[in-house]
Amino acid sequence: MLGGALTEFKTWRLIFWINLPICGLAFCLLLFLLDVHNPRTKFSEGIKAVDWAGSVSLVGLMVMVLLGLNFGGATFPWNSPKVICLVVVGAFLAVLFLFNEGRFARYPIMPLHLFRSRSNIACLVIGFTQHFVSVLEFDGRLIVLY
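Attention now moves to the overall build of the protein. Assigned secondary structure in the protein consists of six helices and two strands. A globule of 146 residues ought to have a C-alpha radius of gyration of about 15 Å, yet the protein, at 22 Å, is considerably larger. Its C-alpha atoms give the protein principal-axis dimensions of about 55 × 55 × 35 Å. When burial is assessed residue by residue, the protein has 12% of its 146 residues classed as buried.

Once that is clear, we can look at the confidence of the model for the protein. The predicted model of the protein averages 86 in pLDDT, with 91% of residues at 70 or higher. The element-level mean pLDDT for the protein is lowest in strand β1 (residues 135–138), coming to 55, with helix α5 (residues 81–103) highest at 94.

This next bit is on the side chain of E101. Looking at the secondary structure, you find E101 in helix α5. Notably, E101 is buried but unbridged: the nearest opposite-charge side chain belongs to R116, and the N-O separation is 12 Å. Engagement of the side chain of E101 in a polar contact is seen with the backbone nitrogen of I109, the distance being 2.9 Å. For E101, the contacting residues outside a window of four places in its chain are D51, G54, P108, I109, M110 and L112.

Taken as a whole and judged by the stated rule, the model has two aromatic pairs. Both rings, one in F71 and one in F76, keep their centres 5.6 Å apart while their planes meet at 80°; by these two values the pair is edge-to-face. F71 gets classed as partly exposed once you look at its relative accessible area, which sits at 25%. Look at F99 and F104: their rings are 5.4 Å apart centre to centre, the planes differ by 75°, and that puts the pair in the edge-to-face class.

Moving on, we get to a nonpolar patch on the surface. On the surface, a cluster of nonpolar side chains totalling about 710 Å² of accessible area is made up of L25, F27, L29, L31, F32 and L33. Locating L25 in the fold gives a position in helix α2 (residues 15–33). Classification of L25 by relative accessible area gives exposed; the value is 54%.

As a further point, take the packing of helix α4 (residues 52–71) against α5. The geometry of α4 relative to α5 is characterised by a closest axis approach of 8 Å and an angle of 155° between their N-to-C directions. What the angle tells us is that α4 and α5 run roughly antiparallel. Handedness of the α4/α5 crossing: left-handed. On α5, the residues touching A53, G54, S57, L58, G60, L61, M64, V65, L67, G68 and F71 of α4 are V83, L86, V87, V89, G90, A91, L93, A94, F97, N100 and E101. Along the lines of polarity and charge, the residues of the contact of α4 with α5 split into 15 nonpolar, six polar and one charged.

All right, on to the environment of N100 then. With respect to the helices and strands, N100 occurs in helix α5. Taking C-alpha positions, N100 is 7.2 Å from A53, a pair spaced 47 residues apart along the chain. Discounting chain neighbours no more than four positions away, the residues touching N100 are D51, A53, G54 and A105.

Structurally, G4 is set in helix α1 (residues 2–9). Taking relative accessible area as the criterion, G4 reaches 46% and is therefore assigned partly exposed. For the pair formed by G4 and I15, sequence separation is 11 residues and the distance between their alpha carbons is 8.2 Å.

Calculation notes
- What you see as residue numbers is a count from 1 along each chain, following the sequence as written.
- At least 70 in pLDDT is required for a residue's local features to be given in this predicted model, at least 80 for side-chain atom pairs to be given and counted, and no such filter applies to totals for whole chains, interfaces and linings, which use all residues.
- Based on all heavy atoms of the structure, the side-chain values leave hydrogens and waters out of the count.
- By definition, any uninterrupted DSSP run of H or I lasting at least four residues is a helix, any uninterrupted run of E lasting at least two residues is a strand, and each is numbered from the N terminus.
- Here the globule rule reads 2.2 Å times residues to the power 0.38, and the radius of gyration is calculated from C-alpha atoms.
- Burial classification: accessible surface area is computed with a 1.4 Å probe over protein chains only, and a residue below 20% of its type maximum counts as buried, one above 50% as exposed, and the rest as partly exposed.
- pLDDT expresses how confident the predictor is about each individual residue, on a scale running from 0 to 100.
- We count Lys and Arg on the positive side and Asp and Glu on the negative side, and we leave His and both chain ends out.
- One speaks of a salt bridge when a side-chain nitrogen belonging to Lys or Arg is within 4 Å of a carboxyl oxygen belonging to Asp or Glu.
- Polar contact is the term for a pair of N or O atoms within 3.5 Å; when the atoms are in protein, one must be able to donate a hydrogen and the other to accept it, and sequence-neighboring residues count only if both atoms are side-chain atoms.
- Contact between two residues is taken to exist if any of their heavy atoms lie within 4.5 Å; hydrogens are not considered.
- Two rings from Phe, Tyr or Trp (for Trp, the six-membered ring) form a pair when their centres sit within 6.5 Å of each other. Planes less than 30 degrees apart are called stacked, planes more than 60 degrees apart edge-to-face, and all others tilted.
- Patch definition: residues with relative accessible area over 30% and no salt bridge; like charges joined within 9 Å; nonpolar side chains (Val, Leu, Ile, Met, Phe, Trp, Tyr) joined within 5 Å.
- Computed by Shrake-Rupley with a 1.4 Å probe, the accessible areas treat only the displayed protein chains as cover when residues are assessed.
- Axes here refer to lines fitted to C-alpha atoms; in helices the fit is confined to the stretch in contact. Angles between the N-to-C directions go from 0 to 180 degrees.
- Any angle between 65 and 115 degrees counts as roughly perpendicular, while under 35 counts as roughly parallel, over 145 as roughly antiparallel, and the rest as oblique.
- Two helices cross in a left-handed way if the nearer one is turned anticlockwise from the farther one by less than a right angle. They cross in a right-handed way if the turn is clockwise.
- Side-chain classes are defined by residue name, with Ala, Val, Leu, Ile, Met, Phe, Trp, Tyr, Cys and Pro counting as nonpolar, Asp, Glu, Lys and Arg as charged, and the others, Gly among them, as polar.

Structural data, given as structure tokens:
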């Protein structure tokens, strides 16, 4: 309500200043009151524990698929080799990512055992559909509703 009042009677730029005292207080509370167990490990052991293959394949997957979907129909036609290659390589990287997470990663980014629980699957499906439905096409432009 305070943000709406500031926007209505002053300027919309002031609503960003509302967050500063709240975030400062939250930072101070976390800094002094949060007790996190932090085992000391060597830097080399920490680097070895990172799932590098999973990280690279996940980033590549997201970039390829999103670029393919973004270029399709707007910059290039859907049947152009550029769009098809981006989507196909993204799908290949998705298979590679899932194979790596299931077989090779000691500490996977996305543990596949999360998908064995029906409640986790339901939450993921609901979250996906919520974000999918929140993007509406209106007058040739994409409007994202948050």
